[in-house]
Amino acid sequence: MKKYWQSLEDYQRIKTNQEYVEKPEPEFSIEGMSEEEKKGKATRRDFLKMLGFTVGGAVIAASCETPVRKAIPFLNQPEEITPGVANYYASTFYDGNDYCSILVKTREGRPIKIEGNDLSTISKGGTSARVQASILNLYDNARFKTPQKDNQEIDWGTLDSEVSSQLKFISEQGKEIVLLTGTIISPSTRKLIEDFKLIYPGTKWITYDAISYHAIRLAHQKQFGAAIIPSYDFSKAKLVVGFNADFLGTWLSPVEFTKQYSAARKLLNGETSMLRHIQYETTMTITGGMADNRTPIKASDEKVTLLNLYNEIAGLLGQTQFTISKPVVEVHKLAVELLENKGESMVLCGSNDEESQLIVNAINYLLGNYGKTIDLVHNVQLKQGNDIEVAALIERMNTGNVGVIIHYNTNPVYNYPNSQKYVDGLTKVDLKISFAESPDETSTVCDYVAPDHNYLESWNDAEPKLGFYSMMQPSIRNIFETRQAQDSLLKWIGSDQSYQDYLEKYWEADLFAKQSKFGTFKAFWNQSVHDGVFISEEKLNSNFAYQEAELKITEPDKDNAKYELFLYEKAGIGSGNFANNPWLQELPDPINMSTWDNYLCVSTLLAEEFGFKTEDVALINGNFEMPVLVQPGLEKNSVAIAVGYGRTTAGKVGDHLGTNIYPYMTITNGLKKLSGSLVSIEKVDGKTYPLALTQSHHTMEGRSLVRETTLEKYLKDPASGNERHAEDAKKNTTLYSKPEFTGFHWGMAINQNSCIGCGNCVISCQAENNVAVIGKQEVRNRRIMHWIRIDRYYSEEAENPEVYHQPVMCQHCDNAPCENVCPVAATPHSSEGLNQMAYNRCIGTRYCMNNCPYRVRRFNWFEYANNKDFDYNMNNDVGKLVLNPDVVVRSRGVVEKCSLCVQRIQEKKLLAKRENRQLMDGEIKTACQASCPADAITFGNLLDPNSAISKINEDPRNYHLLEEVHTLPSVSYMTKIRNKKS
Amino acid sequence: MCTYHKIKMKLIKHFVFLTTLLLFTTMTITKIQAQEGKDLFTVCAACHTIGGGKLIGPDLKGVNDRQDEAWLIKFIQNSQALVQAGDEIAVKLFAENNNIPMPPNNLTDDQVRTLLKYIEEFDATKVVASTVQEKPAETVSENIIEPSYLRKADARKYGTTFIIVLILIMLALADLFVTRFIKAKFVHLIVILIAIFIMGEIIVIEAQGIGRQQYYEPEQPIAFSHKIHAGQNKIDCLYCHSTATKSMHAGIPSTQLCMNCHTVVKSGKITGTEEIAKIYKSLETQTPIEWIKVHNVPDHVFFSHAQHVEVGKISCNECHGPVETMDRMMQVSDLSMGWCIDCHRTREVQFTNNFYKDYKKLHEEINSGKRSRVTVDLVGGEDCQKCHY
């Protein structure tokens, strides 16, 4: 039987056929703790003292008067607000990197949750972990509360008059004014910048991306005559080949791609075909983990492999081939397979390297993918950063030619590879302005900060793809004394108009004509604001003729004594602009389950060579030290480090976590690349660094919980891989009577074929259920509070393992082991099949936790709210605004766990009762399910034979975790199927 | 939608009558409509009378003759829209009534027609007669209810007993070791044991009461009297606490809502202009009125008014007591969990609501005559997570 492993210790054990030995868990005893951790633990005498004090305190507290509570009504109640009932507003998430159409849930006028917008044809109701967590940025206490001059507070009037006069003065001097912005996808803002240029004619607008995609645009410029990034459609593809393109996690438009990708791989309702995916990549990403076949390659071998692939395809088609060195990996079979799927395939490359991108385009052209799976017409407007212009700007800054620089949504001081040169250049600029929302490395060296609104406080529009428009509307009035960047620009060009009016005027003048559905602008505008999205009917330019470009390869530097450094973005932290977000910092990385840090990933072979274990420390380039994490699946002579860490002025949460690795980006031919650095590595003997990994938490004692098969076997026998399900069903018996349900029996199913492990559900659940952030040390103590975790299992060889993601939350067993052992009946079973948790009844014996075979129960070791030791979002008044008023904030000493979003169940049931109708199937959506970009989760009534969940439960792929112990879970899983070809 | 179903359900109830007593068919329907019209008019009654003279708004007697129906429907649904649109009659009416806007009413066209029909058929004499009949009954009920319901004085106070018992223990101990007045030592033991037992009992009772606020009657920032508003003026509870049917909160009315009436009613019966002036001050200074919340449940309790008022059809008085007799608002029920559960165990569910169709087994039992009624506990009313999450 196939063996699965979670940690390298497990792997070694399997290899050497040892028995599973459970390690003592510090969660339950202090035996497993280090001396450092034992410090501050109470002795018996301390305990008695505390007991006496507590009893005394309780007596005094009990004799006190109950506090007076007030009920403060509105002065004038707005018609649309009903206290206690949520309102949803369509809006747009855009942070300079990712786009997502969203619905903002507001309660009593404050946004508390982000949901996906079903009306969007791009994100289709899905979100990412970053989108979910973005709501916490709104309530970040580190945000600028007033405008700043030289890091001192000033008022808007002073700022406006000083900035306007200086702008005018410098402009008249004939010096250059530079607007350095992140990619702007808002057509109105783009027009506003043109207006700004009219008033200040010396203005240059330069776009800067932290992670650049410039090469794709350059390659398309050469081959198709337009500097565009095409849009990719996975739903039309049968075969996808990725080269270092983490398109499910971080590359270009992950939510959109995940929706399409998972829809093509569901195998539900009798589907017999699924998208095949082959990945070539350096480090292990979630995209690589999902691939049916994955091959680790060096980043420097990427181009050779690609050109060889081109040659093979060209050879098979009888076209000219280019002479190159022989391939590192065999690509003939791949070429044949790609040709079998002509016009239904896609080759993607994530490297910002013009040569690579030219080859990829040529391959896709040969395969006839343009116009089919790859769309040049509705091209992507994201990622417009121009590396060459940025480099030229820095030169000009250093020669003193630049008079003004205005930063909008950029932080080059932190994330430009040669940031020192940028800082030096800045000192020669007369006027430096930043629109930063919260302090960052760039804003602190600026003269003026005109703080921007959070996106949830702003009016804006977006055009993520040509012809696809999206509306951003404020769902709360600005919390602090901030002003939208666009309003500041309007002010500085001497306009009295507000940006809201400007936006509306722009839509009236420009976009209204691009549709025929609405006769009046007001109707069109209202509908667009309501829907959040609008697709133009305008005929777009579709005239893209292919021109041959020379395909060549510049051999990258090689040094056998050194190792190739590969930089990557983590699914949670990304490029680092959300570093001050505690939810994202504590989100375990989907692949290596780490939190709160970046580290040097080394391959298992390299670890063996150096004698590295995870948490050892390595000296890189003789220059700086970093902790080591042994990453299975990493190319053996490469090392990888995540960007986005090592912030110095992000705020109290994000500062000084990990190391800033942006300086190790390389610039070749003017383009910023994530790969290309060669580094030397030494082991620092005797030194270790604690990493907060959730990896070996929650081990399921060596029992295999993932069931999988291949497409071939599945088509022969749909129950293949899941044979145990029938066997266990026969054997099971119990002393207890079978529970009976009268009206509803809630159940959930998770399609493991769809789940990519991105972590969206974890953050969505955290936002919905007020789950506490506990910090690195407590995560190390195995006390992470997430109600839903995503277990990651590996199988096969450690050099290139197969990866499985399995979301695990409370299984709501109908024969629940936790319920029987509770001495105070705090966790009984409900009449609707829910395993309930009554916090106010719980006395914290944790018997239930010990007895739960799924390890899904969480104990509140501390009071996490109002506790200065846990100074995250629940320790200040602003941060608390994000709390969901329908879910209680748990206190110290009680156990908590997934409730299947009982508040959402109750809400929809009440709605149905009020409307005098039956509940509809699919009407209730749990938080994890609602915004899942992979649609991996189904929820519904198991008693209704026609519900989606009942149908899945009858599918031959359906099984329960630990069926053999007969807990009768209400949550079920579906066998994972890989479309493998040997 | 809802009222449509209400009528429909009632029609079904009357099906037997309809078949046997065809003659009375029309009468029955009119009766239903009249009842609905009466219900609808409770909101209007805050400002209007039918034949009783001008209140805040004009007397509605004969309103159907004065204006045509289409105009009335529009005006009743949203009078301000018409005023702003410059409708001549609307603007004139608005001016005639001191520019007090009539709040928009969320009614369907049919509902407005029912309402108008009710106004047209309203027989003032009958109602006068009935109120005359009701009046003595009301005063009687007031007299009866107040002492029996508001047993504030009956709330036992154990403080003195506790201290007396404590002193007894002290005396017994003192005698046992120091004075040795009573020679038989078992007497001390008995006294101490009994005293400890009484003290224990008192502690248990008092401990149960911690956090509960039965008979809580705080002084409010404005001496608002429910007796005058709900009792004498018969303003429907839902006129001010309008969200009780759609939200977990019943809602405290905004200052603007008070102004619907108090732009005209400037002086009260008891406090004169003093208290009402506070409303104007709130508006002037743009500071909302900070009422003291009387009915509090702990944070870990989720209570929904909509579930109980709209779905469960429980009248406000059942939990809040005779509010219409209270000058100052007082908590009548103890709002303890036992109190909730007792009701859930005995109270019948509105099982005709289509939502409950999913409870097939219970429906079968009712149809087969095995079960006569469905109480809340049968549909999960005793589940922890009905209220705690």
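Procedures and definitions
- Residues numbered from 1 in each chain as written.
- Chains lettered and ligands numbered in written order.
- Predicted model: local features only at pLDDT ≥ 70, side-chain atom pairs only at ≥ 80, totals over all residues.
- Contact = placed C-beta atoms within 7 Å.
- Helix = DSSP H or I, 4+ residues; strand = E, 2+ residues; numbered from the N terminus.
- Nonpolar A, V, L, I, M, F, W, Y, C, P; charged D, E, K, R; others polar.
- Expected span 1.5 Å × (residues − 1).
- Buried ≥ 20, exposed ≤ 12 C-beta atoms within 10 Å, placed from the backbone.
- Arc of directions from axis to C-beta.
- Axes fitted to C-alpha atoms, helices over the stretch in contact; angles between N-to-C directions.
- Parallel < 35°, antiparallel > 145°, perpendicular 65-115°, else oblique.
- Left-handed = near helix turned anticlockwise from the far one by under 90°.
- Domains from an automatic or database assignment.
- Pairing = 2+ DSSP bridges.

(A) A look at the interface of chain A and chain B. Taken together, the contact between chain A and chain B spans 43 residues of the former and 49 residues of the latter. For the side of chain A that touches chain B, the secondary structure elements donating two or more residues are β2 (70-71) and α27 (902-914) of chain A. Its residues assigned to classes, the side of chain A that touches chain B shows 20 nonpolar, 15 polar and eight charged.

(B) Representation of helix α13 (residues 387-398) of chain A. Residues and elements named next belong to chain A. For α13, spanning twelve residues, the distance from its first C-alpha to its last is 17 Å, which sits close to the expected 16 Å at 1.5 Å a residue. Listing the buried residues of α13 in full gives D387, V390, L393 and M397. In an axial view of α13, the angular spread of the buried residues amounts to 115°, which keeps them on one side of the axis. Check the buried side of α13 and you find it contacts β8 (176-181), β9 (203-207), α7 (214-224), β16 (402-408), α15 (419-427) and β29 (671-673). Among the residues trailing α13, G400 stands out with phi positive, at a value near 80°.

(C) The arrangement of the packing of helix α10 (residues 302-317) of chain A against helix α12 (residues 354-366) of chain A in detail. Residue and element names in this part refer to chain A. Relative orientation of the contacting elements α10 and α12 amounts to 25°, with a least axis distance of 10 Å. With respect to α12, the element α10 is oriented roughly parallel. As for the relative orientation of α10 and α12, their crossing is left-handed in sense. Across the interface between the two elements, E302, K303, L306, L307, L309, Y310, I313, A314 and L317 from α10 touch E355, S356, I359, V360, A362, I363 and L366 from α12. Its residues assigned to classes, the contact of α10 with α12 shows twelve nonpolar, one polar and three charged.

(D) Examining the domain arrangement of chain B more closely. Segmenting chain B into domains produces domain 1 (2-127), domain 2 (159-209) and domain 3 (336-389). Between the C-alpha centres of domain 2 of chain B and domain 3 of chain B there is a distance of 48 Å.

(E) How the structure looks around the domain arrangement of chain A. Residues and elements named next belong to chain A. The domain boundaries assigned to chain A delineate domain 1 (4-23 + 697-978), domain 2 (148-212 + 385-535), domain 3 (214-380) and domain 4 (563-693). Facing the 20 residues of domain 3 at the interface are 22 residues of domain 4. Listed by contribution, the elements that provide at least two residues to the side of domain 3 that touches domain 4 are α7 and α9 (286-290). Ranked by residue count, the leading element in the side of domain 3 that touches domain 4 is α9, at three residues. Broken down by class, the residue content of the side of domain 3 that touches domain 4 amounts to six nonpolar, eleven polar and three charged.

(F) Spotlight on the pairing of strand β27 (residues 638-642) of chain A. All names here are of chain A. For β27, the buried fraction is high: five of the five residues fall into the buried class. Alternating positions in β27 separate into two faces, S638, A640 and A642 on one and V639 and I641 on the other, with burial throughout. One ladder, built from five bridges, connects strand β22 (residues 563-568) with β27; its direction is parallel. Paired with L565 across the two strands is V639, which belongs to β27. The pairing of strand β24 (residues 600-602) with β27 spans two bridges and is classified as antiparallel. Bridge pairing in β27 links C601 to A640.

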